[in-house]
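A structural walkthrough
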Amino acid sequence: MNVFCGVVRFDGAPVPGEWRIRFTSAQCCRTLALDFVESAGFWGFAGGDAAGRRPAWVRDRERIAIGTARLDDSPDVGHAQRSASLVASDLKRILDAWSGEVETTAVFIGDFACVIYDERSHSIVGVRDAFGVDTLYYRA
């Protein structure tokens, strides 16, 4: 199983410990090695054990992308051999191209589902490939 989660406080305040415990203590997360990321108003984690599909997170100065990605023009390696660093590399490409418009991701061909958090505006957007190969759930 693979899982990633991003929790946002739209006022930019730190994500409370009670919220963090709720997500990390979920049955699906108890046995996984999770990688955590935190920023002003954002807290998230990525983890899993399904070979080649382990989610990751990347950041630039003011944004974080967390999720999973396998772009078709990435280095050609077997699906099961795909490392977390390649997933992070593809997420970085999506983050670098992100202009704030959903159409930005239309240029990418492959399987991806991620959320992009903008620290300046305390906003988050979820994007995924056109066929929805990777699932993306949200809750307000």
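These lines cover the structure that appears in this document, whether it is placed above or below.

Definitions and cut-offs
- Residues numbered from 1 in each chain as written.
- Predicted model: local features only at pLDDT ≥ 70, side-chain atom pairs only at ≥ 80, totals over all residues.
- Heavy atoms only, no water.
- Helix = DSSP H or I, 4+ residues; strand = E, 2+ residues; numbered from the N terminus.
- Contact = heavy atoms within 4.5 Å.
- Areas by Shrake-Rupley, 256 points an atom, 1.4 Å probe, with all protein chains shown as cover.
- Lys, Arg positive; Asp, Glu negative; His and termini not counted.
- Charge placed at Lys NZ, Arg CZ, Asp CG, Glu CD.
- Pairing = 2+ DSSP bridges.
- Buried < 20%, exposed > 50% of the residue type's maximum accessible area, 1.4 Å probe, protein only.
- Core = buried A, V, L, I, M, F, W, Y, C linked by side-chain atoms within 4.5 Å.
- Polar contact = N/O pair within 3.5 Å; in protein donor to acceptor, adjacent residues only side chain to side chain.
- Phe/Tyr/Trp six-rings, centres within 6.5 Å; stacked < 30°, edge-to-face > 60°.

1. Quick word on the overall build of the protein
Looking only at helices and strands, one finds two helices and seven strands in the protein. Traced from its N-terminal end to its C-terminal end, the protein shows the element sequence β-α-β-β-β-β-α-β-β. Principal-axis analysis of the C-alpha atoms places the extent of the protein at approximately 40 × 35 × 25 Å. For the protein, restricting intrachain contacts to residue pairs at least 6 apart in sequence, the fraction spanning at least 24 positions comes to 50%. As presented, the protein carries roughly 7900 Å² of accessible surface, and 54% of it is formed by carbon and sulfur atoms. Charge-centre separation for the protein: the mean point of 16 positive side chains lies 5 Å from the mean point of 19 negative side chains.

2. Some thoughts on the environment of E103
Here E103 lies in the loop between α2 (84-97) and β6 (110-118). Residues E103 and R30 lie 73 residues apart in sequence; the distance between their C-alpha atoms is 36 Å.

3. Examining the pairing of strand β2 (residues 34-39)
Here six bridges tie β2 to strand β3 (residues 42-48), and the two strands are oriented antiparallel to one another. Counted as the bridge partner of V37 is G44 from β3. The loop that links β2 with its antiparallel partner β3 comprises two residues; one of these, G41, has a positive phi angle of about 80°.

4. Remarks on the environment of V115
Tracing the sequence through the fold places V115 in strand β6. A relative accessible area of 13% means that V115 is categorised as buried. Remark: the alpha-carbon pair of V115 and R128, spanning 13 residues in sequence, is separated by 8.7 Å. In this view, V115 contacts F4, I64, A65, I66, I124, V125, G126 and L136; residues no more than four positions away in its chain are not counted.

5. Observations regarding the environment of G67
For G67, the location among the structural elements is in strand β5 (residues 63-71). Put simply, G67 and G132 are 65 residues apart on the chain and 13 Å apart in space, counted from C-alpha to C-alpha.

6. Overview of the nonpolar core
Residues V58, L91, I94, F112, C114 and I116 are the most contacted members of the largest nonpolar core, which totals 16 residues. For this core, the elements supplying multiple residues, two or more each, are β4 (56-59), β5, α2 and β6. Considering each element in turn, this core owes the most residues, five residues, to α2. Dropping the residues within four chain positions of it, I94 is found in contact with A69, L71, T105, F108, F112, C114 and I116.

7. Brief notes about the side chain of D118
In this fold, D118 is placed in strand β6. Residue D118 is classed as buried on the basis of its relative accessible area, which comes to 15%. A polar side-chain atom of D118 sits 2.9 Å from the main-chain amide nitrogen of R120. Other than its neighbours up to four places away in sequence, D118 contacts E62, R63 and S123.

8. Some details on the packing of aromatic side chains
The description of an aromatic ring pair uses the distance of the two centres, along with the angle that the planes make with each other. Enumeration according to the criterion identifies four aromatic pairs in this entry. Considering the side-chain rings of F36 and W43, the 5.9 Å spacing of their centres and the 25° angle between planes classify their relative orientation as stacked. Under the relative-accessibility criterion, F36 is labelled partly exposed at 42%. On the accessibility criterion, W43 (4% relative accessible area) is buried. Centroid distance F42 to Y117: 4.9 Å. Interplanar angle 25°. Geometry classified as stacked.

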